[in-house]
Structure formats: C-alpha cells, structure tokens
Amino acid sequence: MSSDRAEGPSFATLLRQRRRAAGLTQVELARRAGLAVRTVRDLERGRTTRPQRTTGVLLADALGLTGEERGGFLGAARGEASPVVVPHPGAATAPPAISPATAGLPGAGAGATRPLWGRESEVAQLADLLVGPAGGDPLALVGVGGVGKTALALAVARRVAGRLPAGAAWLVIDQHTGASEIRAAATSLGAAGAASGGTGPAGVGAGEPGTGPPSLLVVDAVDRAPAEVRAALAQSPPELRVITTGRAPLGLPGERVWPVPPLELPPAGATDLAEVAGYPAAALFLDRLARVRPQPPAADEVPALVGLVRRLGGLPLALELAAAHGRLLRLPEILQRYGDRVLDLTAGGDQTLREAVAGSYRLLSEAEQGALRRLAVFRDWWSLELAEQLLGEGGRPVVDDPLPVLDRLVSLGLVRVRDAREHRFRLLDVVRDFATEQADQRGELMPARRAHAVVVARLVSRTAAALAGPDLPDAAVRLDEVGGEVWAALNHAANDQPHTALRLAAALPRWWRLRGRDVAGRRWLRRLLDDPRTADADPAVRAWAMLGVAQLALAHGDGAAEESAAAAALAEFRRLRDAGGELAAGSVLGAVLRAAGRYDDARTLLLAVVSGASRHGRVRDAAVGHLGLAWHEVRLGDLPAARRRLAVADRLAARAGQARLRVLAAVQLAEVARLQGRYEESVSTGQRVLARLDELGDPRHRRRALGTLGRALVRVGRLADAERVVARLRGSEPVATPTPAAEGVCAAIEAGVALAGGERRLAEERFRAAAAAFRGGEEQRELVEALVELAACLTDPPDEPDRAGPRLAAVLAELERVRQAGGFVLLEREREMVARAAGWLGPE
C-alpha cells in the first residue's frame, strides 16, 4: 500500500463521512445501492476492511460521487479487481418495483449514464430474449472474472425495465445469502406482479391464469452460493424472468447460457488515434486513462496503445487495471512493464488478474484442466480437427473425447467461438496466459509445444501442396488462418525440434511468396539448413528447402546469390529420381541463371524442362517452362514468338487447372502488348490481371503488373492514372518487398509522365534514376529500355548540343555494352530511337 494512502482515512471512516455528507442513514444508503444493511454496517465498523469491486462501485453510484471524489473513494476501497456480492435490501420482504426510469436499479444515479462499451448489440439481443415468448427460461451470463457480466446484466435490466411493468429486483450473492432469501425475493416479485394485475406491454404477455405480468430478477455472482441459488430459482413463479451472472451456469431447466466475450480489439498496426478509439476495447481503456491523466495519448503512444489493448485481449478488468497505471507511466512504459506479465496486474489490493482467472480454472475437472493447459499452446484461432490432433499427439491422449471438454470450456466463457468454416475457436488471452503458466509449472509446456509443432507441420504440409493446384486461393486462406500457429511452431521447433522445423519451413515458400514474406522466409530456411542438427534430415526435405531459399531470393531481387542452393536442389532431386522435384528445380534454376545474367544457360535449361515435362506428362511444369522461355523470346527481340509461348503456357495451365499460372501468363502478355505498341490492349489486360492478383496475393507479380500498366497508361495519355500507379508501387499499398527494380519502374513511369508534359529535363533526370536502379540488378532488359528512352530524351536537348553530346555518347556506349553482354536484340521502335540519337550525335 502506498504511503499517501496509509496516511489518509480508512475506508470505514471515508464511507461514514460520505454517507453523512449525503444526509443518508445506513438503511437508506443500503437501499439506494442495492446492498444489505448489514453489509454497509460491517463496512463502517471496519469488520469488512476490503470491500470488493462491485460493492465500491455500487456505493459510489448511490452516493453520487464523480470525478476525483469518486476515484479517491474507489481507490480507498481497494477492490476494483473483483466484483462485489451482497444481498438486495428487503430481499426477505418485497423488492422494489422498477419504473420505466429504472429508479430502483443499482447505480441509477450518476452511474446510470456511463457507457457500456461495445455491448449495444448484445444488450438488444438479450432484452429481446427476455421479453420474447421464451423469456421465462433462465438466462445465464457466464465468463471469467472481469469480463463484464455484471455491467451487461445491469444494462439489460435497464433496457427491459419499462417493458416489464411488474418490476425488477437486483440480488447480489455473498456469504450471508441463503436460499430462503433468494426464494423470498423471487416469490415477492411474483406476488407484486399478481397484485398489479393486467398484462404487460405488447410482446410481453401475462403469466398463466391467476398470475400477474412478467417481472425480472437479476441474481449477480451466483457462483458464491450456486446450490442455494439453484434450489431457490427452481421454485420461482412462472412469470418471473431471471438473469444470473457467474463464472458458470447453474444448470437450471431450460437455462440459456450466454458466454460474455471480451471487447472488440483494434487491428494490429493501426496508428490513427481516432480510428483506434472507435474500437470498444480501446474506447474503454481511453475512458479509464482519462480519469488518471488529463492528456490524451500522444502520437508516439498510439502504437503502444494498440499493442497494449491487444495484449490485454479486450478484457474490461484488465483494461481498467492497466489504464490505472497511466497516472505515472506513459503507454509504452505500461506495455513494456506488463506486456509479458498481464496476470500480475492489480488495482492496488492483494488480488491479481491471475486470481480472477483461477476462479474459473478451479471449476474444471482435472481432465478439463489438462486439456486447457495443452490447448494454451495455440496462439490464435484453431479448428476442432487441430484441437483433436493436439490433444491426441504424443502418446496417451490428454482426453478421450475432446468434444465434451471443448463444450465445457465454451460454456464457461474460457473459449470464444466465431461463425467460420473452420479455425473458429480461441482461448481468451488471459486464460491462455494462465494455462501456459500452469503447464510450465507442471513440466508440460515443452511437450505441448513439441506436439503443437508436429500438428502444425502436418497441417501445413497437407495444405501447402494445394498451393500448386487449382485450390490455391482456398489453400492460401487456410494457411493465413493458422499463420500465428505457423510462426509460433517455427520459433519453438527451431530450438528443440530442428527436423520438424525444417519440414515445416520447407513447405512454406509458395505461401511466403504469395504473402510478401519472402525475406523472413528465406532467413528461416537458411538458418535451418545451416543448423548442423539438420544435416541428417530427410534428403528430399533438404532439397525442397534449398529450392525454397532460391525461390524466395528471386522474389526480392537476390536470386543470383542462391545459384548454388538451386543447383544443389536440382542435383539432389536427380539423385533421388524425383521427376517432379527435378522439373521444379530446373525451372527455378533457370530463373536464377537469368538473374545472374547467364541467359543462354538459363534458356537451355528451360528448354530441357519443357521437354522433360512433356515426356513425363507433367502439364503444370511444362506451362512453367514456357512462361520462363517467353522472356527469352523478348530478349531476342521476337515478340510474336513470345506471344506464341504465352498462348501455349495459358493453354497448358488451363488443362492443369492452374488459375494462377494463367494470370502470370496474362501479366507477361500485357508487357508484350506494351512493347509491341498495343497500349490499349496492355492497359485492359493489366487492369484485368491486377484484379485477379489482388485475390491471389503474390506481391512480386503484382508489382510487375503495376509497372506494365503504369507505362502503358502514360502512352495512352492517362497521366493521372499513371501517377496513381506510382503511388501504389511506392507504398500506399504493400505490393512486395522493396527492391531497387521497383524504384526503377516508378522512375520510368514518372519520366514518361514528365516527357508527356513537356518537362524534358525532369524526364531526363527520372530516366537516369531508372537506369541507376536497374544497373547491376536482375532486370537488365529494363535497363536496356531505360537507356534507350534516356538516349531519345537527350537527342533534342533544351541546352547546348556540345553539353548534351558527351552525355548522350556515354548513354549509347553503356547501352551497347549491356546489349552485347546479355545478347539483347532491340525492338524495331528501339532501333529507330537509337539510330536517331546516333545520327544526331554525328559520325564521331
């Protein structure tokens, strides 16, 4: 306890002072707060020194405390970490009827207008249930401590108060509450309804003949005396509507269980404070933060705000406890201090968030607790199939039948469920943290992580194979859904199970390329291949991993660096007599050799791939080979041949059901059309394929398609659209791992826009920037085009010829060197431009 609090008055003294200042007797305060008179009396006498959270809130509401007075009062109570539980005054006689103005509900004064963040839809749904035809069935709001059950129940009670004319009562259970008091409250509500006679409003009918209109009883914190509450409510009048709150349902006949979820979270990476504040979890945190510091979060605090709110999992209690530290700490400091120990959060008393979760954990059987500890290794959403595999992996199953266990965890609000085809279950964050702690204490965490890695590797191997087939979009989405599990499995298995980690990583290159994670994926594969412990791994797995390294390097313009890896993979597949692996490695090595400038070797290898694929009847591999060869036709200046190659590739891809390969063929076709001067065709084809690439992913080829589209748009005079393409390439949307070639394409488009606008000097500068970006890289055909355009730009310079001449001569000399080194044949239009430039320069 802090020293300043120790020097102040005790809570007993403070409560007595506030009550007297309000002019209330103990009885009046108890009735206004919805508490037992004995509870108020014991608090003022110091017999109860640490009132729990809800008690303090109810008393503060009843006393009308706001601002600093309210904060000081609740701080003195030291009970925000746990909801209070006390009986309703007059429970043994007649609870007060509730008017449409909700005058008798707890906190009907100052607290009545406090917002219920993000629960509006739930309140409306629950209210409709209570006043509907099945409203007589008990409604149980369940969940871990601090998830907001009491607040939700109170909001629902207020919503329906005006629609239940017989009244409502609020009954909070504590150690003094017996079944007789609960039964008396329920019976008295029924009697009051019968005495009022008549029927309820439209949609809320009266009870059976001889009974009155419906009434409502809210019983809060039933898990303090579940047997007594169950016995009492089992004999309640038929016209009584009942809401109960607790960590578990009571098991009453017809009981409807409503697990209360955490609040909705802002997306990871959000940086706009106004946008972040629109999400309920962040809104609640900001509201509580404003009570302890006057300044809103600064711009540099917003990422920490998002990270903290997400780390707390949207649990209202955790959000409130973390926000309380904003009096002394900035948000990055709170995240740094508590990000890895959320369960240690406390409001200043002895109870931590850990103990709040432990209350739900203790309700589980030993087998259910064991299953929860094993499931805690899942980081995100998971499917029933994955759960069954995880619980059964590693020898003796954790449970014989996972379904009843999962149903129990869901019914207690420990596991969330979403409406999805699969991967629809998720542990609450604080529950996962608690269960992970428990597993670690029992020595179960490492075996669970091993089992998790095996299960994830098995799933990825099965799913990733579909990335090479017609089911690519669905397979990519399925991997997206378990992306968190993939990274977690890699991190843990790399240290403890390197063979499993290598098998997992070797299946992922296609997915990594589609999602723009080529740099991270390459690092993972290189790390695992270089690990001495994987030297004796399955040779085929190592070969696919080496091939993946080369594929991923190609995706960010560094393919030449992995020529040895691609060559080693090809040799290994040949040794294993794996025709499919050999053809795949041949295509990748062909692309790597092209990146290294060994164009003739690359073309020879791709011709062998096409021949081998035809011989083995592997249509897909043949299509890939023809796609690679189309570029070489462009290099040799034969655009009609390139078109024919692409037509063959498209036809083969269609036979193989390869939608992605057909899109890639169209990407190249748009480029060939542009080089042929068929700009309208290039624009329409480019726009069509971009829409498909947005569906498939594949940032690398999206960048290529955007580059083609931007330059074609310049040629048809759509300069504003071309500039928008540059904005997309530069990062208004993530299209690929940044590479010099990507900047070169942007510079080339900008040069075309400048030239079309008559800004020749700017065009020259941007063409030079494009050439500099392509120089020494893999896109030497792009360098040829940039040098040709630069030479044309210098042919008619705005300054003196004697100043432009040396520059033009240097450009033409470089163009010739690049052309000769790569065997590039200029296109007809390019030859004309170079001839004009050379003629302008003169015989020298």
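Quick caveat, the model's predicted, so the values are computed rather than measured.

K.L.:
Please set out the overall build of the protein residue by residue, giving values where relevant.
P.N.:
Check the secondary structure of the protein and you find 41 helices and 7 strands. Within the protein, the fraction of its 844 residues that count as buried is 55%. For the protein, the share of sequence-separated contacts (at least 6 apart) that also reach a separation of at least 24 residues comes to 72%. Total accessible area computed for the protein in this model is approximately 34600 Å², and 51% of it derives from carbon and sulfur atoms.

K.L.:
So what's going on with the sheet that holds strand β2 (residues 168-172)? Which residues, and what values?
P.N.:
Spatially, the 5 strands line up as an open sheet ordered β2-β3-β4-β1-β5, and their pairing is parallel. On the outer flanks of this sheet lie β2 and β5 (256-259), each paired with one strand and no other. Between one strand axis and the next, the sheet turns by 15 degrees as a mean value, whatever way the strands run. Examined bridge by bridge, strand β1 (residues 139-142) and strand β4 (residues 240-246) share 4 bridges and lie parallel to one another. Bridge pairing in β4 places Ala140 opposite Thr244. Lying on the sheet, helix α7 (residues 120-131) is in contact with β1, β3 (215-220), β4 and β5; it crosses β5 at an angle near 175 degrees.

K.L.:
Mind laying out the environment of Leu58, listing which residues take part and the relevant values?
P.N.:
With respect to the helices and strands, Leu58 occurs in helix α5 (residues 53-63). According to the relative accessible area criterion, Leu58 is buried, its value standing at 6%. Along the primary structure Leu58 and Ala33 are separated by 25 residues, whereas in three dimensions their C-alpha atoms are 5.3 Å apart.

K.L.:
Please give an account of the packing of helix α32 (residues 639-655) against helix α33 (residues 659-675) that cites residues and values.
P.N.:
In contact at an axis separation of 9 Å, α32 and α33 are set at 165 degrees when each is read in the N-to-C sense. One element, α32, and the other, α33, form an angle in the roughly antiparallel class. Here the hand of the crossing between α32 and α33 comes out left-handed. Contact residues: α32 offers Leu639, Ala642, Arg643, Leu646, Asp650, Ala653 and Ala654, while α33 offers Leu661, Arg662, Ala665, Gln668, Leu669, Val672, Ala673 and Leu675. Here the contact of α32 with α33 is composed, by residue class, of 11 nonpolar, 1 polar and 3 charged.

K.L.:
Any chance you could break down the side chain of Arg119 for me, citing the residues and the numbers?
P.N.:
With respect to the helices and strands, Arg119 occurs in the loop between α6 (67-77) and α7. Reaching out from Arg119, the side chain makes a polar contact with the side chain of Glu122 at a distance of 3.1 Å.

K.L.:
Residues and numbers for the packing of helix α12 (residues 280-289) against helix α14 (residues 316-324), please.
P.N.:
A pair of packed helices is captured by two measures, namely the crossing angle of their axes and the spacing between those axes. Two elements in contact, α12 and α14, have axes separated by 8 Å at closest approach and are oriented at 35 degrees. Where α12 crosses over α14, the handedness of that crossing is right-handed. Contacts between α12 and α14 involve Ala281, Leu284, Phe285, Arg288 and Leu289 from the first element and Pro316, Leu319, Glu320, Ala322 and Ala323 from the second. Among the residues forming the contact of α12 with α14, the class breakdown is 8 nonpolar, no polar and 2 charged.

K.L.:
Describe the pattern of salt bridges, with residues and values.
P.N.:
Overall, the coordinates contain 59 salt bridges when judged by the stated rule. Note that Glu671 and Arg674 form a salt bridge whose closest N and O atoms lie 2.9 Å from each other. Highlighted residues: Glu671 and Arg674, both in helix α33, separated by 3 residues, approximately one helical turn. Of the two residues, Glu671 and Arg674, both sit in the buried class.

K.L.:
An account of the pairing of β3 is needed here, citing residue identities and associated values.
P.N.:
Burial runs high along β3: 6 of the 6 residues are buried. Residues Ser215, Leu217 and Val219 point to one face of β3 and Leu216, Val218 and Asp220 to the other, with burial holding for every one of them. Direction of pairing for β2 relative to β3: parallel, over a ladder of 5 bridges. The residue bridging Ala168 from the neighbouring strand is Leu216, located in β3.

K.L.:
How would you summarise the nonpolar core if you had to cite specific residues and measurements?
P.N.:
If you look at the biggest cluster of nonpolar residues, it comprises 204 residues, and the most contacted ones within it are Phe285, Trp382, Leu490 and Trp512. Ala630, Leu639, Leu661 and Ala665 belong to the second-largest nonpolar core, a separate cluster that totals 21 residues.

K.L.:
So what's going on with the pairing of β5? Which residues, and what values?
P.N.:
Burial of the side chains of β5 is restricted to one face: Arg256 and Trp258 are buried, whereas none of Val257 and Pro259 on the reverse face is. Of the strand pairs in this sheet, β1 and β5 are connected by 4 bridges, and their pairing is parallel. Bridge pairing in β5 links Leu139 to Arg256.

K.L.:
An account of unusual backbone geometry is requested, with residue identities and associated values reported.
P.N.:
If you check the backbone angles, Ala221 has positive phi at about 60 degrees while not being a glycine. Along the chain, Ala221 falls in the loop between β3 and α10 (226-233). Unusually for a residue other than glycine, Arg577 sits at a positive phi of about 55 degrees. In this fold, Arg577 is placed in the loop between α28 (563-576) and α29 (579-595). Taking relative accessible area as the criterion, Arg577 reaches 77% and is therefore assigned exposed.

Rules of the game
- Residues take numbers from 1 onward in each chain, read along the sequence in its written order.
- For this predicted model, a pLDDT threshold of at least 70 governs which residues receive local features, and a threshold of 80 or more governs which side-chain atom pairs are given and counted, while totals over whole chains, interfaces and linings are taken from all residues.
- Computation of side-chain values covers all heavy atoms of the structure but excludes hydrogens and water.
- Where helices and strands are cited, they refer to DSSP runs of H or I of at least four residues and of E of at least two residues respectively, numbered from the N terminus.
- Here's how the labels work: a residue is buried when its accessible area is under 20% of the maximum for its type, exposed when over 50%, partly exposed in between, all with a 1.4 Å probe on protein chains only.
- It only takes one pair of heavy atoms within 4.5 Å for two residues to be counted as in contact.
- Calculation of accessible area relied on Shrake-Rupley with a 1.4 Å probe; when residues are assessed, cover is drawn exclusively from the protein chains displayed.
- At least two bridges found by DSSP between two strands are what make those strands a pair.
- Every angle, taken between N-to-C directions, lies between 0 and 180 degrees, and every axis is a line fitted to C-alpha atoms, over only the stretch in contact when it is a helix.
- Throughout, the term roughly parallel applies to angles under 35 degrees, roughly antiparallel to angles over 145, roughly perpendicular to angles from 65 to 115, and oblique to all others.
- Handedness of a crossing follows from how the near helix is turned relative to the far one, being left-handed for an anticlockwise turn of less than a right angle and right-handed for a clockwise one.
- For this classification, the nonpolar set comprises Ala, Val, Leu, Ile, Met, Phe, Trp, Tyr, Cys and Pro, the charged set comprises Asp, Glu, Lys and Arg, and every other residue, Gly included, is treated as polar.
- In protein, a polar contact requires one atom able to donate a hydrogen and another able to accept it; more generally it is a pair of N or O atoms within 3.5 Å, and residues adjacent in sequence count only if both atoms are side-chain atoms.
- One speaks of a salt bridge when a side-chain nitrogen belonging to Lys or Arg is within 4 Å of a carboxyl oxygen belonging to Asp or Glu.
- Nonpolar cores are built from buried Ala, Val, Leu, Ile, Met, Phe, Trp, Tyr and Cys residues. Side-chain atoms within 4.5 Å join them into one set.

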